[in-house]
Amino acid sequence: MPLMNEEYKPLSGREFPRFSGIKTFFRLPIADVTDKFDVALFGIPYDGGVSYRPGARFAPSLVREVSSLGRGFHMTRALSVFDKLKAADVGDCSVVPIDQTQTYEKIEKFVTKILSTDKKFISVGGDHSTTLPVLRALKKKYGVPLNFIHFDAHLDTYPAAWGCEYHHGAFARHAVEEGLVNPAQMLQIGIRGPLAAGSDLDFVNKHKITVKTVDDIRNTTISDFVKTLPSFKGPTYISYDIDCLDPAFAPGTGTPVPGGLTTYEVQRIMRAFKIENLVGADIVELSPPYDSSQITGLAAVDAMFELLCLMGESK
Ligand code: MN
Ligand code: MN
């Protein structure tokens, strides 16, 4: 059974049944970051920034396992993504489970190395605090604040908690304050209450960040809603917090919020994006210990596929 292949194609399910084989993302080959391919897939198994239920450190393993069911042809787009893009699993970023500062340094260094080879990437976290060092590396590479699409139930612009600045509910605030993302080209999707207080909205209002709540999406048809999405020119990043989905579709997450999106609505939104240059993306906050049926893992795999196709279209 080949682990390396020059074509960077998934292992065929018709040759090796999907329950067999060593688990990599989408049954792709394992590769070194410096090899010649287009998109690096990797894990960030760190959940030291969560405020409630932990477990996201186990997400890369689960997504690798469930992605055995992943397939490469997108019906709506008529796109064979692994023909368009060479993708490979480059393993997990090294982390320090009891030290966030060291973990942040390792993540930034890991992503910087990927970017030094002019690759795009999709990571599987990890809690949402891991997105901040990824954005720091991207800002250094591209030299401008990124366009930023943020799927989430939560704003993640909240203040410090327990005296700590860098928890998973504060990463988006830091990303704006550090100038890593451009608030005028920032879109939050799936946001819903309850909030701790009305003042939780002060940050997004002050920075004029575009927030699409679940009401905004449901008050019209999905076909009409997607027409309201802006298009993005210049380097763009998508951060996908799995809790944008309703807990019925994604129970396996640390801070679930009822009244969320369906997996289908997310598919339709992802398919409607007009993104000139999607440079990177992540999927975060999947907590396998709370995902008894692997339904959340499957939702993560599906989002990963849609993100890959967006990269294929924007290439
Ligand atoms: Mn989040
Ligand atoms: Mn969230």
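Structural notes, computed from the coordinates. In this text, all values refer to a predicted model and were calculated from it rather than measured experimentally.

What the rule picks out here adds up to 1 cavity of 30 Å³ or more. Forming the walls of the largest cavity are Y240, T263, V266, Q267, M270, A299, D302, A303 and E306. Mapped by element, the contributors of at least two residues to the lining of the largest cavity are α9 (263-272) and α10 (295-314).

At this site the manganese ion (ligand 1) is bound by H128 (ND1), D152 (OD), D156 (OD) and D241 (OD), with donor distances of 2.1 to 2.2 Å. Distance-wise, the manganese ion (ligand 2) is placed 3.3 Å from the manganese ion (ligand 1), both being coordinated by D152. Of this pair, D152 sits in the loop between β6 (146-151) and α5 (171-177) while D241 sits in strand β9 (residues 232-241), placing them 89 residues apart in sequence. As far as burial versus exposure is concerned, D152 and D241 are alike and both buried.

A separate point is the pairing of strand β7 (residues 181-191). Among the 11 residues in β7, 8 count as buried, and that is most of the element. Crossover β6 to β7 through α5 is right-handed. With 4 bridges joining them, β7 and strand β8 (residues 210-213) adopt parallel strand pairing. Looking at β8, one finds that I189 is bridged to K212.

Take the environment of A59 next. Structurally, the position occupied by A59 is in helix α1 (residues 59-66). Sequence separation of A59 and L187 is 128 residues, and the distance between their C-alpha atoms is 25 Å. Here A59 is in contact with V124, G125, L286 and P288, once residues within four sequence places are set aside.

Bringing the packing of aromatic side chains into the picture now. This model, assessed by the stated rule, comprises 10 aromatic pairs. A centroid spacing of 6.2 Å and a plane angle of 50° characterise the contact between F121 and Y237, whose relative ring orientation is tilted. Highlighted residues: F121 in strand β5 (residues 120-125) and Y237 in strand β9, separated in sequence by 116 residues. Judged by relative accessible area, which is 0%, F121 ranks as buried. Look at Y237 and you get buried, because its relative accessible area is 0%. Among the aromatic residues, those joined into a ring-pair cluster are F42, F110, F121, F148, F171 and Y237. Here the basic side chain of R53 rests over the ring of Y290, its NZ or CZ set 3.8 Å away from the ring centre. Stacked on the ring of F37, the Lys or Arg K119 has its end atom at 4.7 Å from the ring centre.

Before going further, it helps to spend a moment on the coordination of the manganese ion (ligand 2). Distances from the manganese ion (ligand 2) to its protein donors, namely D152 (OD), H154 (ND1), D241 (OD), D243 (OD) and D243 (OD), fall within the range 2.1 to 2.4 Å. In the primary sequence, the donor residues of the manganese ion (ligand 2) line up as D-x1-H-x86-D-x1-D.

Moving on: unusual backbone geometry. The step from G125 to G126 runs through a cis peptide bond, and the omega angle for that step is 15°. Residue position: G126 is located in the loop between β5 and α4 (131-142). A positive phi angle, close to 50°, is found at A78, a residue other than glycine. Examined against the element boundaries, A78 turns out to sit in the loop between β2 (73-74) and β3 (79-80).

Time to look at the environment of I283. Relative to the helices and strands, I283 resides in strand β10 (residues 275-284). Here I283 falls in the buried class, since its relative accessible area comes to 2%. Between the C-alpha atom of I283 and that of Y240, which follows or precedes it by 43 residues, the distance is 4.7 Å. In this view, I283 contacts S123, V124, G125, Y240, A300, A303, M304 and L307; residues no more than four positions away in its chain are not counted.

To continue, consider the side chain of D156. Looking at where D156 falls in the secondary structure, it is placed in the loop between β6 and α5. Although buried, D156 forms no salt bridge, and the nearest oppositely charged side chain, R173, lies 10 Å from it. When sequence neighbours within four positions are dropped, the list of residues in contact with D156 reads H128, H150, H168, G169, A170, F171, A172, R173 and D241.

What follows concerns α10. Between its terminal C-alpha atoms α10 stretches 29 Å, which fits the 28 Å expected from 20 residues at 1.5 Å a residue. The element α10 is largely enclosed, with a buried count of 16 among its 20 residues.

Here is what the cut-offs are and how they apply
Residues numbered from 1 in each chain as written. Chains lettered and ligands numbered in written order. Predicted model: local features only at pLDDT ≥ 70, side-chain atom pairs only at ≥ 80, totals over all residues. Heavy atoms only, no water. 1 Å grid on protein atoms, 1.4 Å probe; cavity = no way out; pocket = protein on both sides within 12 Å on 5 of 7 lines; lining within 4 Å. Points joined across faces, edges and corners; volume = space filled by probe spheres on them. Helix = DSSP H or I, 4+ residues; strand = E, 2+ residues; numbered from the N terminus. Donors = N, O, S within 2.8 Å, 3.2 Å for Na, K, Ca; no water. Buried < 20%, exposed > 50% of the residue type's maximum accessible area, 1.4 Å probe, protein only. Right-handed = clockwise from strand over helix to strand, strands pointing away. Pairing = 2+ DSSP bridges. Contact = heavy atoms within 4.5 Å. Phe/Tyr/Trp six-rings, centres within 6.5 Å; stacked < 30°, edge-to-face > 60°. Lys NZ or Arg CZ within 6 Å of the ring centre and 35° of its normal. Lys, Arg positive; Asp, Glu negative; His and termini not counted. Salt bridge = Lys/Arg side-chain N within 4 Å of Asp/Glu carboxyl O. Expected span 1.5 Å × (residues − 1).

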